[in-house]
Every structure is written in structure tokens, then in C-alpha cells.
Amino acid sequence: MIFTVAIDGPAAAGKGTIGRAVARELGFAHLDTGLLYRAVGTRALHDGNGVIDPVWAAEIARQLDPADLESPDLRSGRAGLAASKVAALPDVRTALLDFQKRFARRDGGAVLDGRDIGTVICPEAEAKLFVTASDEVRAARRHAELGTGTVDSVLADLRARDARDAGRDVAPLRAAADAFLLDTSDKTISEGVAEAIGYVRDRIFAGRG
Ligand code: DC
């Protein structure tokens, strides 16, 4: 079966948690596409001694191996910031396109979460969710996850990243016109997950009908 669940939204809105839960529930494969940009950004920052060279970043993206996505370092705030910088480079995005498109249409169903899944990677996705939450809620969640810094500094970082992700020329963060909007600000994890699963199940049944 070919069935793609595209999940987009700003940082720390709950996309990853919801994506993993939907994939587990349906037996689909899951790809956190932010990890691709985190891996490229981290390596580009390292190789450039703290300065990202756009040409080299695109080369890293072309050579990226799925095993590069396993490193726990990729979850850090520094990796997130580097990711948002390389994610604005058209050549980096182009280099990562094919892998994501193939993953989306793999047999057995796939869930991808990111910023441009429903708009660029897989506009034909059978189910599209746009997951959001207020800035304050997202900052509090990310702060608890990172366990370092202050909520205010995490909030400032998130806003800077959102502005870059939504303001860039290529594949900016935005909801697809046909996406189901899920605001998780006032929801528990299990409420958000249940709503997402309910929506995806409806889309599966709609496709069969
Ligand atoms: O979801 P995340 O925080 O791991 O994403 C890290 C950065 O990567 C984020 O600032 C935007 C970028 N990104 C993107 O541009 N497109 C995607 N499909 C996924 C992430």
C-alpha cells in the first residue's frame, strides 16, 4: 500500500511525537526530516570550524548516509540552529529531495514530519497535518526536553528559527491548503495523538470508499 502522512509545523509543536505515534499505530515507516538538516548543519559547522560554507554544505547533503541520522548530538539547540541555516540553502534542499520523495512513496505507508512535506516533498500525500502550538507552550516543552538554558532563551531561539524557516525563499514553512490543522497548545500528548490518528484513519477510509 502507498499512503503518505505529511506532518508539518514549527519547531517543538509536537510533530515528532505525533508522527512516531501515528506510524507505530498504523505500522508505517517514520522519517523525522529535521534530522537530515540537523546532520548536514552539524557537519558543515564542524568542518568549517564554526562557519558554514554553502558549497560544502550541499556536498555533505549529497553524501549523507541514513546512519548519519543516529547521533544523539543532533537533538541539541546548536544542531537545530545550524539546521535552520543550511535548510535555507537551495542546493542543500535539492540534494535531500529524492531521498525524502522515495521514502514518502515507499510500499507499506510512510509518515514524514518537517516543514515542507505537504507542500513540496509530497503534495500528493493522502493525509496532511499542520501541527502548531503557541510560542510559549513550545518554548516550555523544548526547555524541558533540553534541560539547559532558560525558557526565555529557548523562546528567543525558537522565534529566530521560525522566522528563518517561514521567511526563506525556498520551501518556506507554511500549511498546505488541504492540511488538517492541529493546535496542541491546550492538549495533552495523548489527546493530540488521538486526534491525529482519528484524522488519518478517516483519510484511509475515505480513500477506500
Ligand atoms: O524539526 P527540527 O527542529 O528538527 O528541524 C530543524 C531545522 O530543519 C528547522 O529549523 C527547519 C529545517 N527543516 C526544514 O527546513 N525542512 C524540513 N522538512 C525539516 C526541517
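Residues numbered from 1 in each chain as written. Predicted model: local features only at pLDDT ≥ 70, side-chain atom pairs only at ≥ 80, totals over all residues. Heavy atoms only, no water.

Engineer: I'm lost on the environment of Asp-8 in this one. Help?
Structural biologist: The residue Asp-8 is located in strand β1 (residues 4-8) in this model. For the pair Asp-8 and Leu-173, spaced 165 residues apart in sequence, the C-alpha to C-alpha distance is 7.8 Å. Within the structure, Asp-8 has its side chain in polar contact with the backbone nitrogen of Arg-115 (distance 3.2 Å). At 2.8 Å, the side chain of Asp-8 and the backbone nitrogen of Ile-117 are in polar contact. (Helix = DSSP H or I, 4+ residues; strand = E, 2+ residues; numbered from the N terminus. Polar contact = N/O pair within 3.5 Å; in protein donor to acceptor, adjacent residues only side chain to side chain.)

Engineer: Just checking my understanding: could you explain helix α7 (residues 135-146) for this structure?
Structural biologist: Three- or four-residue spacings in an α-helix give side chains the same orientation, since the helix completes a turn every 3.6 residues. In this model, α7 (12 residues) spans 16 Å end to end at C-alpha, consistent with the 16 Å of a helix rising 1.5 Å per residue. Where α7 terminates, the next one or two residues include Gly-147, which has phi positive at roughly 70°. (Expected span 1.5 Å × (residues − 1).)

Engineer: Would you explain the sheet that holds strand β4 (residues 127-132) in this entry?
Structural biologist: Within a sheet, each strand pairs with its neighbour through backbone hydrogen bonds, oriented either parallel or antiparallel. One open sheet accounts for 5 strands, arranged β2-β3-β1-β4-β5; its pairing is parallel. For this open sheet the edge positions go to β2 (29-32) and β5 (180-183), each flanked by a neighbour on one side alone. Going from strand to strand, the sheet's axes swing by 20° on average, the running direction of each strand aside. Bridging between β1 and β4 involves 4 bridges; their strand directions are parallel. Residue Ala-6 lies in a different strand from β4, and its bridge partner there is Lys-128. Contacting β1, β2 and β3 (110-114), helix α5 (residues 90-104) runs over the sheet at an angle of about 140° to β3. Lying on the sheet, helix α9 (residues 189-208) is in contact with β1, β4 and β5; it crosses β4 at an angle near 160°. (Pairing = 2+ DSSP bridges. Axes fitted to C-alpha atoms, helices over the stretch in contact; angles between N-to-C directions. Contact = heavy atoms within 4.5 Å.)

Engineer: Any chance you could explain the site of the ligand here in plain terms?
Structural biologist: Neighbouring the ligand are 14 residues; Arg-38, Arg-93, Arg-115, Arg-161 and Arg-168 lie closest to it. At 3.0 Å, a side-chain N or O of Asp-116 approaches a nitrogen atom of the ligand. A distance of 2.8 Å is found between an oxygen atom of the ligand and a side-chain nitrogen or oxygen belonging to Arg-168. Protein contacts shield 96% of the accessible area of the ligand, which totals 450 Å² for the unbound molecule. Those elements that provide at least two residues to the shell around the ligand are α2 (34-47), α4 (77-86) and α8 (151-167). The dominant element in the shell around the ligand, judged by the number of residues it contributes, is α2, at 3 residues. Of the residues assigned to the shell around the ligand, the class counts are 3 nonpolar, 4 polar and 7 charged. (Near = heavy atom within 4 Å. Areas by Shrake-Rupley, 256 points an atom, 1.4 Å probe, with all protein chains shown as cover. Nonpolar A, V, L, I, M, F, W, Y, C, P; charged D, E, K, R; others polar.)

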